[in-house]
Amino acid sequence: MRALIVMCAGLALVAAAVAAVVWSGLVDIEDTSTSSYSGEASIGGPFELVNGDGETVTDADFAGKPLIVYFGFTYCPDICPTELLAIADALDLLPAATAAKFQPLFITVDPERDTPDVVRDYVTSFHPNMIGLTGSARQIKRAASAYRVYYSRQETDDGPYTMAHSSYIYVMDGSGRYVRHFRMGTSPDEIAAALETVADPA
Amino acid sequence: MIKQLARGLAVLMTIGAAAPAYAHDYKVGSLTLDHPVSRETPKGARVGAGYLTIENIGEADDRLLSVSCACAERSEIHEMKMDGGIMRMQALPGGLAIPAGGSAVLKPGGYHLMFIEIKQPFVAGEAFEATLTFEKAGSVTVEFTVEPLRKSKSGDHKGH
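So, here's what we can say about the structure. (Residues numbered from 1 in each chain as written. Chains lettered and ligands numbered in written order. Predicted model: local features only at pLDDT ≥ 70, side-chain atom pairs only at ≥ 80, totals over all residues. Heavy atoms only, no water.)

1. Examining the interface of chain B and chain A
Phase 1 of the analysis: Listed as interface residues are 34 residues of chain B and, on the opposing side, 37 residues of chain A.
Phase 2 of the analysis: Residue Arg 150 of chain B is joined to Asp 92 of chain A by a salt bridge in which the shortest nitrogen-to-oxygen separation is 2.8 Å.
Phase 3 of the analysis: The interface formed by chain B and chain A contains 11 residue pairs in polar contact (both at pLDDT 80 or more).
Phase 4 of the analysis: Contributions of two or more residues to the side of chain B that touches chain A are made by β3 (47-56), β5 (72-83), β6 (86-91) and β9 (111-118) of chain B.
Phase 5 of the analysis: Here the side of chain B that touches chain A is composed, by residue class, of 14 nonpolar, 10 polar and 10 charged. (Contact = heavy atoms within 4.5 Å. Salt bridge = Lys/Arg side-chain N within 4 Å of Asp/Glu carboxyl O. Polar contact = N/O pair within 3.5 Å; in protein donor to acceptor, adjacent residues only side chain to side chain. Helix = DSSP H or I, 4+ residues; strand = E, 2+ residues; numbered from the N terminus. Nonpolar A, V, L, I, M, F, W, Y, C, P; charged D, E, K, R; others polar.)

What follows is the structure, encoded as structure tokens:
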């Protein structure tokens, strides 16, 4: 009898542990979906920035073209190249005519180091259609806040400063409306599949 | 003639010295350093990254304390941390633990070596040396082979 009670208690503990794991998993999933899609209506919007030739460009210059937008900086050895590669690889997975409908944009959050010629050169290593954009500190701040992108300068002990920043790939439709975004590490296949539906809505 | 011979010998020796790099794993103490690679740097980039796997078959924990490379003004050990959707990159001043019987994997999105203010671009197909210093195993110089940024270069000839 005693053994039975101990066994039952043991089973109950296991069940509780399983429930706790499942529950925490669900909470994670819920958190994920909330952060992925909260306020989708307010992501993106008008921006005024500076292209690689030092010319002012605005969202109106890209009217009618779906945008793929990534905020990053060139003094970033790891994440930014990885995410820009994901965009480039996704575009290459699409038929050329579909890929050509999109305008991939790299917007720096580090205008101090990323001058027009720096962003112009940088993007050529990723995709021939990619455009690099910079601007004044104020222009960058406005564009980033329109896309709800957080960024901040981080001083280091004795090395050059770095930037902390949100790392998402945003997809906007031809009317400038937010479609969706991808979190870091999303595969090019997944991005390509989503782009296909944007280019050719069912 | 002797000069020419000496030059020929020097060339042969250089080739010989480079040969172990193709095997591309290194042993120091109880550590195995596997497949040190870097990525071609985007045009104009002033920083580069290094990746590898460090395995510890020993019975004592070890620690990667520092990295040095003539390729850059500074070299650091970094960790990427996702913090509420924000990516933060931070140096690991205390180094990176290599647990006994375990390994440390440096790969995109996780840990990496950061080469700051690189002296020249990292070009695909080329290689550079860097010295890694461990708390117990000591120092070892390894060769990082530079991989192309784009695995498929299709983007280059697609036109606009």
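Now, onward.
2. Considering the packing of helix α2 (residues 79-93) of chain A against helix α6 (residues 188-199) of chain A
Pairs of packed helices are described in terms of their axes, by the angle between the two and the distance that separates them.
All names here are of chain A.
Phase 1 of the analysis: At a closest axis distance of 8 Å, the pairing of α2 and α6 adopts a crossing angle of 55°. By the criterion of interaxial angle, the relationship of α2 to α6 is oblique. Here α2 runs over α6; the crossing is right-handed. Residues Ala 86, Asp 89, Ala 90, Leu 91 and Leu 93 of α2 form the contact with α6, whose participating residues are Pro 188, Asp 189, Ile 191, Ala 192 and Leu 195.
Phase 2 of the analysis: Among the residues making up the contact of α2 with α6, the classes are represented as eight nonpolar, no polar and two charged. (Axes fitted to C-alpha atoms, helices over the stretch in contact; angles between N-to-C directions. Parallel < 35°, antiparallel > 145°, perpendicular 65-115°, else oblique. Left-handed = near helix turned anticlockwise from the far one by under 90°.)

3. Comments concerning the sheet that holds strand β5 (residues 131-133) of chain A
Residue and element names in this part refer to chain A.
Phase 1 of the analysis: Strand order in the open sheet formed by five strands is β5-β4-β3-β8-β9, with mixed pairing between adjacent strands. Each end of this open sheet is capped by a strand with a single partner; those strands are β5 and β9 (178-182). Sheet twist, expressed as the mean angle between neighbouring strand axes with direction ignored, is 25°.
Phase 2 of the analysis: Summarising the sheet, strand β3 (residues 67-72) and strand β4 (residues 103-108) pair through six bridges and their orientation is parallel. Each residue of the ladder has a partner; that of Val 69, found in β4, is Leu 105.
Phase 3 of the analysis: Strand contacts of α2: β3, β4 and β8 (169-172), with the helix running at about 170° to β3, the strand carrying the most contacts. (Pairing = 2+ DSSP bridges.)

4. Looking at the pairing of strand β7 (residues 162-166) of chain A
Residues and elements named next belong to chain A.
Phase 1 of the analysis: Most of β7 is tucked away, with five of its five residues classed as buried.
Phase 2 of the analysis: Of the two faces of β7, the one holding Thr 162, Ala 164 and Ser 166 and the one holding Met 163 and His 165 are both buried throughout.
Phase 3 of the analysis: Across four bridges, strand β6 (residues 151-154) lies against β7 in antiparallel orientation. Across the sheet, residue Ser 152 finds its bridge partner in β7, namely Ala 164. (Buried < 20%, exposed > 50% of the residue type's maximum accessible area, 1.4 Å probe, protein only.)

5. Here we look at the environment of Leu 49 of chain A
Residue and element names in this part refer to chain A.
Phase 1 of the analysis: Here Leu 49 is to be found in strand β1 (residues 48-50).
Phase 2 of the analysis: Of the residues examined, Leu 49 reaches a relative accessible area of 0% and is grouped as buried.
Phase 3 of the analysis: On a C-alpha basis, the gap between Leu 49 and Leu 195 in space is 25 Å, while along the polypeptide they are 146 residues apart.
Phase 4 of the analysis: With residues near it in sequence (within four places) discarded, Leu 49 still touches Glu 55, Thr 56, Val 57, Ile 107, Leu 133, Thr 134, Gln 139, Ile 140 and Ala 143.

6. A few points about the layout of surface pockets
Phase 1 of the analysis: The calculated volume of the largest pocket comes to roughly 440 Å³.
Phase 2 of the analysis: Forming the boundary of the largest pocket are 26 residues, of which Glu 76, His 78, Gln 90, Ala 91 and Leu 92 of chain B lie nearest the centre.
Phase 3 of the analysis: Ranked by the residues each element gives to the lining of the largest pocket, the list is headed by β5 of chain B, at five residues.
Phase 4 of the analysis: Its residues placed into classes, the lining of the largest pocket shows 12 nonpolar, eight polar and six charged.
Phase 5 of the analysis: Within this model, the second largest pocket holds a volume of roughly 250 Å³.
Phase 6 of the analysis: Those elements that provide at least two residues to the lining of the second largest pocket are α2 of chain A together with β2 (31-39), β3 and β8 (103-106) of chain B.
Phase 7 of the analysis: When residues of the lining of the second largest pocket are assigned to their parent elements, the largest contribution, four residues, is made by β2 of chain B.
Phase 8 of the analysis: In the lining of the second largest pocket, the residues fall into nine nonpolar, three polar and six charged. (1 Å grid on protein atoms, 1.4 Å probe; cavity = no way out; pocket = protein on both sides within 12 Å on 5 of 7 lines; lining within 4 Å. Points joined across faces, edges and corners; volume = space filled by probe spheres on them.)

Fair warning: the whole summary comes from geometry, so function is off the table for now.
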